[in-house]
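Okay, here's what each chain looks like letter by letter:
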Amino acid sequence: FIKDTVIIKCEQSSWKIIYTGNELLPFVVQKINTELGAESTFSLVPFDRGVYAVGNVGITTDDSVNVFRIDEKIPDAVFDINNDNEGVYRVHGIRDYSQQLVYWTFPSEDENPTFPNRVLVYNYVDGSYSFFNDSFTCFGYYQDFNDTKWSSLTLQWQEFVQPWNEG
């Protein structure tokens, strides 16, 4: 979703579904771009004003009106992704909010691995790129939970004043 528009990324095209408010025709599907899509299913990284994706001919951003390539500084990088061993399905992306970076893990064309062995890092503030030799199968977010456990309490039952449903 970008605001109230649903973005659909196909391998070589980009589409959007728009709510019309008409009871007879509530939604309309419109093509945004005929050649820039997302070849790698798990490469999509959502932002508030668009979505980044790794396609078959470039790394793009889609704002529901236009699709633009954002990889002008490294135009051939997507051709370094190994498509053997289902490599297209092994590209995975995530946004690092605190560092203002996007990470994509991918299998390198040079070594023909089964699993990803490179990481492409994109600084979306200044538009710079870096490559790292590292092996991640996918990315995800982690939240540390510091919930109080009964076994770790040092208080007596009568001294414990927090409500049961407190975070």
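Please refer to the structure higher up on the page.
Quick caveat, the model's predicted, so the values are computed rather than measured. (Residues numbered from 1 in each chain as written. Predicted model: local features only at pLDDT ≥ 70, side-chain atom pairs only at ≥ 80, totals over all residues. Heavy atoms only, no water.)

Engineer: How should the sheet that holds strand 7 (residues 67-69) be read in this particular structure?
Structural biologist: Pairing between the strands of a sheet is mediated by backbone hydrogen bonds and can be parallel or antiparallel. Strand order in the open sheet formed by four strands is 4-5-6-7, with antiparallel pairing between adjacent strands. Unpaired on one side and paired on the other, strand 4 (45-47) and strand 7 mark the two borders of the sheet. Taken pair by pair, the neighbouring strands of this sheet meet at an average axis angle of 25°, ignoring direction. (Pairing = 2+ DSSP bridges. Helix = DSSP H or I, 4+ residues; strand = E, 2+ residues; numbered from the N terminus. Axes fitted to C-alpha atoms, helices over the stretch in contact; angles between N-to-C directions.)

Engineer: When you look at the packing of aromatic side chains in this model, what are you seeing that I'm missing?
Structural biologist: What describes a pair of aromatic rings is the distance from one ring centre to the other and the angle between the planes of the rings. Under the defined criterion, the tally for this structure stands at nine aromatic pairs. Centroid distance Tyr97 to Tyr141: 6.1 Å. Interplanar angle 40°. Geometry classified as tilted. A residue pair is termed long-range when its members are at least 10 positions apart, and Tyr97 in the loop between strand 8 (92-96) and strand 9 (101-106) and Tyr141 in the segment after strand 11 (128-133) qualify at 44 residues. Take Tyr141: its relative accessible area is 57%, and that puts it in the exposed class. Through successive ring pairs, a cluster of aromatic residues spans Phe47, Tyr52, Tyr122, Tyr124 and Tyr129. (Phe/Tyr/Trp six-rings, centres within 6.5 Å; stacked < 30°, edge-to-face > 60°. Buried < 20%, exposed > 50% of the residue type's maximum accessible area, 1.4 Å probe, protein only.)

Engineer: Explain the sheet that holds strand 11 to me, please; I cannot follow it from the model alone.
Structural biologist: Pairing is antiparallel in the open sheet, where four strands are placed in the order 8-9-10-11. The sheet is open, and its two borders are formed by strand 8 and strand 11, each paired with just one other strand. For this sheet, the mean inter-axis angle between neighbouring strands, taken without regard to orientation, is 20°.

Engineer: Can you walk me through the environment of Cys10 in this structure?
Structural biologist: Take Cys10: it is sitting in the loop between strand 1 (6-9) and strand 2 (14-19). Under the relative-accessibility criterion, Cys10 is labelled partly exposed at 32%. Note: C-alpha distance between Cys10 and Ala38 (28 residues apart in sequence) is 5.8 Å. Ignoring sequence-local partners within four residues, the contact set of Cys10 consists of Trp15, Gly37 and Ala38. (Contact = heavy atoms within 4.5 Å.)

Engineer: It is not clear to me how the pattern of salt bridges should be interpreted in this structure. Could you clarify?
Structural biologist: Opposite charge on two side chains allows them to pair when their charged atoms are near. Enumeration according to the criterion identifies two salt bridges in this entry. Ionic pairing is found between Asp62 and Lys9, a salt bridge with its closest N-O pair at 3.2 Å. Residue Asp62 is located in strand 6 (residues 59-62), and its partner Lys9 is located in strand 1; the two are separated by 53 residues in the primary sequence. For Lys9, a relative accessible area of 16% translates into the label buried. Measuring nitrogen to oxygen at the nearest pair gives 2.9 Å for the salt bridge that ties Asp71 to Arg69. We classify Asp71 as buried; its relative accessible area is 0%. (Salt bridge = Lys/Arg side-chain N within 4 Å of Asp/Glu carboxyl O.)

The values are spatial; any link to function lies outside them.
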